[in-house]
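Structure assessment
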Amino acid sequence: MKNYARGGNVPYRWEDPLFKGVTFLFALFILLLTLFIAFSLLVHATPAIKKFGFEFLWGTTWDPVSEQFSALPFLYGTLITAVIALLTAVPIGLFVSIFLSEFSPRWLSDPISYLIDLLAAIPSVIYGIIGLFVLVPLMRGNIEPALSNSIGFLPVFQGPFYGVGILTAGLLLSMMILPFIISISREVMLSVPQTQREAILSLGATQWEMVYKVVMPLSRSGIIGSIFLALARALGETMAVTMVIGNNPDIPLSFFEPGHTMAAVIANEFTEAASELYLSALIEIGLILFLVSFVVNGIARILIPGGVRAA
Amino acid sequence: MKSVLEVKNLSASFGPHPQAASHPVLKGISLSVTAEQITAIIGPSGCGKSTFLRCINRMHEVVHGATVDGDVLLNGKSVYGKGVDPVLIRRRVGMVFQKPTPFPTMSIYHNVAVGLRLNGLKKKAVLDEQVEVSLRKVVLWDEVKDRLSQPGTSLSGGQQQRLCVARALAVNPEVLLLDEPTSALDPMSSGKIEELLRELKKSYTIVIVTHNMQQAARLSDMTGFFLMGELIEFDATSKIFTTPTDARTEDYITGRFG
Ligand SMILES: Nc1ncnc2c1ncn2[C@@H]1O[C@H](COP(=O)(O)OP(=O)(O)OP(=O)(O)O)[C@@H](O)[C@H]1O
Ligand SMILES: [Mg+2]
């Protein structure tokens, strides 16, 4: 009797080991590339690491003239803009994706979802232009005064209205990550089996009860994954942020004031960095950003179910 | 004898397309389901058995564009009457599907309690009691009482299906609809479900769709034979399986087609 199972009486094909070998080499190459990036960042950051030590992480001075460098203003700016972006984009994104997957008719949700995918593909410099010419005046003239009048007792919503600043950058980021959250969450929700929905409906659940008793619990890890993916994008976003944040290496109390982020400072000052130490400090910021994005992306990948992964 | 369900001239179709609307899946079905009996629905694949069940608890309209015509009376009141909330109808009619559908994110306990909680029941003592009663009814209590907090999906297929029956029974439905509840199960588990249904018949009204003719013959009091969306014959099970009136029924039960 012939055995056609793998390893049985199948004629030898020289293509198989070759193909295996080539794919293995490519996989290895990607791994090496990642390690190489981390390693070269580390090497070039070494002068700054040696000079400033851990002080680099919590010092607040960024003074190229006296060669005093520390990263806290940028860490703060990156973190706080990302938090503002998530706080605004996550609730809106969830509601939109619930609407698209559960409530809207197909003829409406299909074109909307298509548009949302298009939004995700717009280059960030375009968002920056919109931010600069539409969002900034709107912030200065309407939104910031309104916030100051209503919840101005919070110190973060006090002070002069600049237009450019941390809040503006956060909200622009929010617009940019919204398509990611919506398109992944919607797809995760759509992948909940119809049998599960019908099972809860047959017990007398309303549409909303179905959403929060069955659809959301089954989509939970995918939704959290989409949020981490959005976070990774927000942390690394450079062009649009630098156009509206004001590029001020400071830790202002008010969200209305200009700030700075890790990605923005690297992009802005890399060409001007004359001394080795200056350059090295920028690269150390790059190293921190690389590590943070790596971890956040990793978490997203673990959480989003295999079939739905977009990035 | 009291009739719990009164189906009157029921027609149903899928889709808003004129083509689908002119090809109804159910055509003028009328029958009545008697209290504390098992009514079996048999017929070849695609003849509209599932659709018929789903029209009774208004699940048919969950499919986008599906339409229903005619009426179903549940204990004398129209299910399709003006202003009748389908959600409330579904709370009065239990349904068990072909494949077991326990909720994977809920424990065994919560799988049974979820219907009660949808009804607004919150008291833990009452919930605990109802969960136990329901699980005992489906003879699952002894098997799961020590692992109530484990996910419903951790059970075997047969246990999962009994869990789904318990889930449907927990809210004390007026009718229990089962759509081929044993077709995904092994003979042992099927046997247990049948035994269970025979026991439940004492206090519940049951409508069961089945592909298994022996099962219909063993289990049911009344049998309806569907063919291409029409109810060909509806009569006492003993009559259907011994001296059917219609030649097509005879052809089907003797295995000449379907
Ligand atoms: N979602 C749907 N959209 C359009 N047509 C459908 C849909 N579901 C079922 N149908 C059609 O309706 C008819 C009846 O389907 P139904 O599921 O009620 O049959 P059934 O008797 O339950 O079959 P089976 O024994 O295979 O379960 C079939 O011809 C089927 O093709
Ligand atoms: Mg069916």
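Residues numbered from 1 in each chain as written. Chains lettered and ligands numbered in written order. Predicted model: local features only at pLDDT ≥ 70, side-chain atom pairs only at ≥ 80, totals over all residues.

Counting secondary structure elements, chain A contains 11 helices and two strands. Reading chain A from its N terminus to its C terminus gives the helix and strand order α-α-β-β-α-α-α-α-α-α-α-α-α. Each principal axis of the C-alpha atoms in chain A carries an extent, and together these give about 85 × 55 × 30 Å. Here chain A, with 311 residues, has 40% of them falling under the buried criterion. The long-range fraction of contacts in chain A, counting pairs at least 24 apart against all pairs at least 6 apart in sequence, stands at 77%. (Helix = DSSP H or I, 4+ residues; strand = E, 2+ residues; numbered from the N terminus. Buried ≥ 20, exposed ≤ 12 C-beta atoms within 10 Å, placed from the backbone. Contact = placed C-beta atoms within 7 Å.)

What chain B contains, in helices and strands, is 11 helices and 10 strands. Expected size for 258 residues packed as a compact globule is a radius of gyration near 18 Å; at 18 Å, chain B falls within 12% of this value. Taken along the three principal axes of its C-alpha coordinates, chain B extends 55 × 40 × 35 Å. Put simply, of all contacts in chain B between residues at least 6 apart along the chain, 68% involve residues at least 24 apart. (Rg over C-alpha atoms; globule rule 2.2 N^0.38 Å.)

Turning next to the nonpolar core. Residue and element names in this part refer to chain A. In this structure, I177, I181, A230, L231 and V244 are the most contacted members of the largest nonpolar core, which totals 149 residues. Per element, the largest residue contribution to this core is 15 residues, and it comes from helix α6 (residues 166-190). Every residue in contact with I177, bar those within four places of it in the chain, is listed here: A85, A89, A230, R233 and A234. (Core = buried A, V, L, I, M, F, W, Y, C linked by C-beta atoms within 7 Å.)

Residues and elements named next belong to chain A. Two numbers describe how helix α1 (residues 15-52) lies on helix α11 (residues 276-303): the axes approach to 7 Å, and their chain directions differ by 130°. When the axes of α1 and α11 are compared, the pair comes out oblique. Our pair here, α1 against α11, has a crossing hand that is left-handed. Across from I37, A38, L41, L42, H44, A45, P47, A48, I49 and K51 in α1, the residues of α11 making contact are E276, L277, S280, A281, I283, E284, G286, L287 and F290. Grouping the amino acids of the contact of α1 with α11 by side-chain chemistry returns 13 nonpolar, three polar and three charged. (Axes fitted to C-alpha atoms, helices over the stretch in contact; angles between N-to-C directions. Parallel < 35°, antiparallel > 145°, perpendicular 65-115°, else oblique. Left-handed = near helix turned anticlockwise from the far one by under 90°. Nonpolar A, V, L, I, M, F, W, Y, C, P; charged D, E, K, R; others polar.)

Moving on, we get to the packing of helix α10 (residues 262-269) of chain A against α11 of chain A. All names here are of chain A. It is the contact of α10 with α11, at a shortest axis distance of 9 Å, that shows an interaxial angle of 145°. Handedness of the α10/α11 crossing: left-handed. The segment α10 lies against α11, with M262, A263, V265, I266 and E269 engaging L282, I285, G286, I288 and L289. A class-by-class count of the residues in the contact of α10 with α11 yields eight nonpolar, one polar and one charged.

Our next topic: the sheet that holds strand β10 (residues 230-236) of chain B. Residue and element names in this part refer to chain B. The strand order β6-β7-β8-β3-β9-β10 describes an open sheet built from six strands, whose pairing is mixed. Single-partner strands in this sheet number two, and they are β6 (93-96) and β10. Strand-to-strand, the axes of this sheet are offset by a mean angle of 15°, without reference to chain direction. Of the strand pairs in this sheet, β6 and strand β7 (residues 175-179) are connected by four bridges, and their pairing is parallel. Across the sheet, M95 pairs through a bridge with L177, a residue of β7. (Pairing = 2+ DSSP bridges.)

Contacts between chain A and chain B engage 15 residues on the former and 18 residues on the latter. Those elements giving two or more residues to the side of chain A that touches chain B turn out to be α7 (194-202) and α8 (207-236) of chain A. It is α7 of chain A that provides the largest number of residues to the side of chain A that touches chain B, a total of six residues. Partitioned by chemical class, the residues of the side of chain A that touches chain B number seven nonpolar, five polar and three charged.

Quick look at the pairing of strand β8 (residues 206-209) of chain B now. Residues and elements named next belong to chain B. Judged by which residues are buried, β8 turns out to be covered on both faces: I206 and I208 on one side and V207 and V209 on the other are all buried. Sheet analysis places β7 next to β8, joined by four bridges and oriented parallel. For L176, the partnering residue across the bridge sits in β8 and is I206. With helix α8 (residues 187-200) bridging β7 and its parallel neighbour β8, the resulting β-α-β unit is right-handed. (Right-handed = clockwise from strand over helix to strand, strands pointing away.)

Next up on the list: the confidence of the model for chain B. Predicted confidence across chain B gives a mean pLDDT of 92, with 97% of residues reaching 70 or more. Scored as a complex, the prediction yields pTM 0.85 and ipTM 0.93. (pLDDT = per-residue confidence, 0-100.)

A few words on the sheet that holds strand β2 (residues 26-34) of chain B. Strands in a sheet are paired, the pairing made by backbone hydrogen bonds, and the direction either parallel or antiparallel. All names here are of chain B. Spatially, four strands are ordered β2-β1-β4-β5 in an open sheet, and the strand pairing comes out antiparallel. A single partner strand is all that each edge strand has here, and the edge strands are β2 and β5 (77-78). Bridging between strand β1 (residues 3-13) and strand β4 (residues 67-74) involves seven bridges; their strand directions are antiparallel. Note on β4: the bridge partner recorded for A12 is V68.

All names here are of chain B. In this sheet, β5 lies alongside β4 in antiparallel orientation, the contact comprising two bridges. By the bridge assignment for β5, L74 is matched with K77. Once β4 ends, the chain turns through two residues before running back antiparallel as β5, passing N75 with a positive phi of about 50°.

The next subject is the confidence of the model for chain A. Confidence in the prediction of chain A, expressed as mean pLDDT, is 91, and 95% of residues score 70 or more. Confidence, read as mean pLDDT per element, is least for α1 of chain A in chain A (91) and greatest for α7 of chain A (96).

Let us look at helix α2 (residues 49-56) of chain B. A large share of α2 of chain B lies buried, amounting to eight of its eight residues. When α2 of chain B is considered as a whole, its buried residues turn out to be K49, S50, T51, F52, L53, R54, C55 and I56 of chain B.

Now for the environment of M243 of chain A. All names here are of chain A. Here M243 is to be found in helix α9 (residues 239-244). For M243, a count of 25 C-beta atoms within 10 Å corresponds to the buried category. It is 8.8 Å that separates the C-alpha atoms of M243 and A264, two residues lying 21 residues apart in sequence. Excluding residues that lie within four positions of it along the chain, M243 makes contacts with G128, G131 and L132.

Moving on, we come to unusual backbone geometry. All names here are of chain B. One non-glycine residue with positive phi stands out, namely N9, at about 50°. For E36, which is not glycine, the phi dihedral falls at a positive 55°. Here E36 is to be found in the loop between β2 and β3 (38-42). Judged by local crowding, E36 falls into the partly exposed class, with 15 C-beta atoms found within 10 Å.

Another point: the environment of V68 of chain B. All names here are of chain B. Topologically, V68 is positioned in strand β4. What makes V68 buried here is the crowd of 20 C-beta atoms within 10 Å. With 44 residues separating them in the primary sequence, V68 and P24 have C-alpha atoms 9.3 Å apart. Aside from chain neighbours lying at most four places away, what touches V68 is A12, C55, H60, E61 and Y80.

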